[in-house]
2 protein chains.
Amino acid sequence: MDSAPQFNVEPIAVTGTLTDRVCEALTQLIASEDFGAGARLPSEQQMAGRFGVSRTVIREAVSRLKSEGLVESRQGSGVFVRERNIDTPFRIDPALMDCRQSVLQVIELRQALEGEIAALAATRRTPAQMTAIRDALAGIAEAEAAGDDGVDADIAFHRSIAAATDNPHFLALTEFLFTFLTHATRITRGYEATKRTLSLQVKDEHQHIVDAIAANDAEAARAAARQHMKCAMQRLGSANLKKLRQPSA
Amino acid sequence: MDSAPQFNVEPIAVTGTLTDRVCEALTQLIASEDFGAGARLPSEQQMAGRFGVSRTVIREAVSRLKSEGLVESRQGSGVFVRERNIDTPFRIDPALMDCRQSVLQVIELRQALEGEIAALAATRRTPAQMTAIRDALAGIAEAEAAGDDGVDADIAFHRSIAAATDNPHFLALTEFLFTFLTHATRITRGYEATKRTLSLQVKDEHQHIVDAIAANDAEAARAAARQHMKCAMQRLGSANLKKLRQPSA
DNA sequence: ATATGTCGTATTGTATGACAACTTTTAGCC
DNA sequence: GGCTAAAAGTTGTCATACAATACGACATAT
């Protein structure tokens, strides 16, 4: 009988762009098991005909579904429904945001990353990226002079280094950790406080990192970044924080 | 001076579709705060000119960014960077799952983490955790003997080490990266293949890590784990990866 | 002077046609 | 049957055109 999946297009929403509507309709079709995992969608031309839109719209809709991991396209072959993706992203429970131990743990994570990030940046940085790093470093001093707390500038500095790795995942993860830390420290305070009093030392640490990256010295960059993170933990740790659990026995 | 955001487009990645590359480049540009929240991107035509691609490609890339919530487009006005949500989790674009470069980049991320994880584990591990690590190592051999591909056992091994850091975020992040890698390598294949042929070397690397952790030697553990990851990258890099066709028939 | 209407321009949304790159199927030959 | 080559089908990319919308400039009315 009807072995071929039907294309019963319910009257799609009357709001939003055509791409939005087609996207929604396709998502619904896939979800309603008319097209199971591995099934091939009709060709873009066919879908354009069925929906009464141009292939442009279909392509944009499919592109979105691709970015959501629902389908995958193979050139010359077609568009196929993906297996249910166990898309469990990495997240940090916001409930831990005001927990100081969590902050230290996240910084510990950063310590692991920043060392490698600095090393890779020292190896791969382009002159343009080096300039961006130097600008960001200067931005910290400016912010400080302007009376700003300098948190944003500090983040921008570390971000510019992460960007120089040419590995977007380092940048994305750094970004993510920073959003957590800024929100967390906004609760626990103590960031600006410690930062202000020790700004000289921090500035020195930053300079060491930049110098190493400028010199293409991966090992020195790694060491400088690690030292920077270590000091950051100590600053936070000494700022009236409870100690992390240490290796007991 | 020129306050307008620069558009220093470095040569983008040489793999994947044009849309993939542009998408990645734009994400990086937005993340690197050349374009802060609320800023307007250049018009699609301008971007097409700068990247040297057609407007079609730009539109599909922007469409993906829209579906990820990074930007929003207003007809007649332009494309604007959206305020980053507080709890946007760290995730990896599923569209990059079959991109071999992404796999290597994620492994590079793991390389940064595993070194520190091993070092921390060596410092903090409890006897019980040490036992768990040894059991996991033995589990790899058992799985291998049983004819299993040993992927799950390998994951369990690294997980047991991450658990010994007493920092739950290391465990969670490792977990996340593994789910990505398993899904990705299930597409690109080559994991078991390379693993089988080089299992002796892998086993040796594992043993070195365990020994260092057992001896509470943080530096040795870090070195061993980094070496392990480095080799993993080389193995994947040399392996002849090919996209896998879904067995729909 | 302020408010309002109109217009022109810039920008995104959509349509269409074409070609390239790639995959699958088919036809033909041995 | 098995192999090769042609053909058809599909996604990827490009170029162009027009529609729909937003926004500022300018003129006009109150």
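Predicted model, so just to flag it, every value in this text is computed and none were measured.

What counts and how
- Residues numbered from 1 in each chain as written.
- Chains lettered and ligands numbered in written order.
- Predicted model: local features only at pLDDT ≥ 70, side-chain atom pairs only at ≥ 80, totals over all residues.
- Heavy atoms only, no water.
- Helix = DSSP H or I, 4+ residues; strand = E, 2+ residues; numbered from the N terminus.
- Contact = heavy atoms within 4.5 Å.
- Near = heavy atom within 4 Å.
- Polar contact = N/O pair within 3.5 Å; in protein donor to acceptor, adjacent residues only side chain to side chain.
- Nonpolar A, V, L, I, M, F, W, Y, C, P; charged D, E, K, R; others polar.
- Core = buried A, V, L, I, M, F, W, Y, C linked by side-chain atoms within 4.5 Å.
- Buried < 20%, exposed > 50% of the residue type's maximum accessible area, 1.4 Å probe, protein only.

Student: What is the right way to read the side chain of His158 of chain B from this model?
Tutor: Relative to the helices and strands, His158 of chain B resides in helix α6 (residues 151–163). Setting aside anything within four residues of it in sequence, one finds His158 of chain B in contact with Arg110, Glu114, Phe178, His206, His228 and Met229 of chain B.

Student: Please clarify how the protein's contact with DNA strand C should be interpreted in this entry.
Tutor: Lining the immediate environment of DNA strand C, one finds 25 residues, of which Leu18 and Ser54 of chain A together with Arg55, Ser73 and Gln75 of chain B sit closest. The protein-proximal atoms of DNA strand C, defined as those within 4 Å of the protein, are 66% sugar or phosphate. Note that a sugar or linking oxygen of DNA strand C is positioned 3.4 Å from one of the backbone N or O atoms of Gly76 of chain A. Arg59 of chain B is positioned with one of its side-chain polar atoms (N or O) 3.0 Å from a phosphate oxygen of DNA strand C. Counting residues per element, the ones that place at least two in the surface near DNA strand C are α1 (18–31) and α3 (55–67) of chain A together with α3 (55–67), β1 (71–74) and β2 (78–81) of chain B. When its residues are assigned to classes, the surface near DNA strand C shows four nonpolar, 13 polar and eight charged.

Student: What should I look at first to understand the protein's contact with DNA strand D in this one?
Tutor: Taken together, 24 residues lie near DNA strand D, and Arg55 and Ser73 of chain A together with Leu18, Ser54 and Gln75 of chain B sit nearest. Each atom of DNA strand D within 4 Å of the protein was assigned to sugar, phosphate or base; sugar and phosphate come to 68%. Glu44 of chain A is positioned with one of its backbone polar atoms (N or O) 3.0 Å from a phosphate oxygen of DNA strand D. For the surface near DNA strand D, the per-class residue count stands at four nonpolar, 13 polar and seven charged.

Student: Would you explain the nonpolar core in this entry?
Tutor: Nonpolar side chains in soluble globular proteins generally cluster together in the buried interior. Core analysis: the largest hydrophobic core is formed by 83 residues, its most contacted members being Leu113 of chain A together with Leu113 of chain B. At twelve residues, the largest contribution of residues to this core is made by helix α4 (residues 100–124) of chain A.

Student: Even after reading the chapter, I still don't get unusual backbone geometry, so can you show me in this structure?
Tutor: One can expect most non-glycine residues to show negative phi and most peptide bonds to be in trans. Of note, the phi angle at Asp166 of chain A is positive, near 60°, even though the residue is not glycine. In this fold, Asp166 of chain A is placed in the loop between α6 (151–163) and α7 (168–188). Taking relative accessible area as the criterion, Asp166 of chain A reaches 40% and is therefore assigned partly exposed. The backbone of Asn216 of chain B shows a phi angle near 60°, a positive value even though the residue is not glycine. Position of Asn216 of chain B among the secondary structure elements: in the loop between α9 (199–214) and α10 (218–238). Overall, Asn216 of chain B belongs to the partly exposed group, its relative accessible area being 42%.

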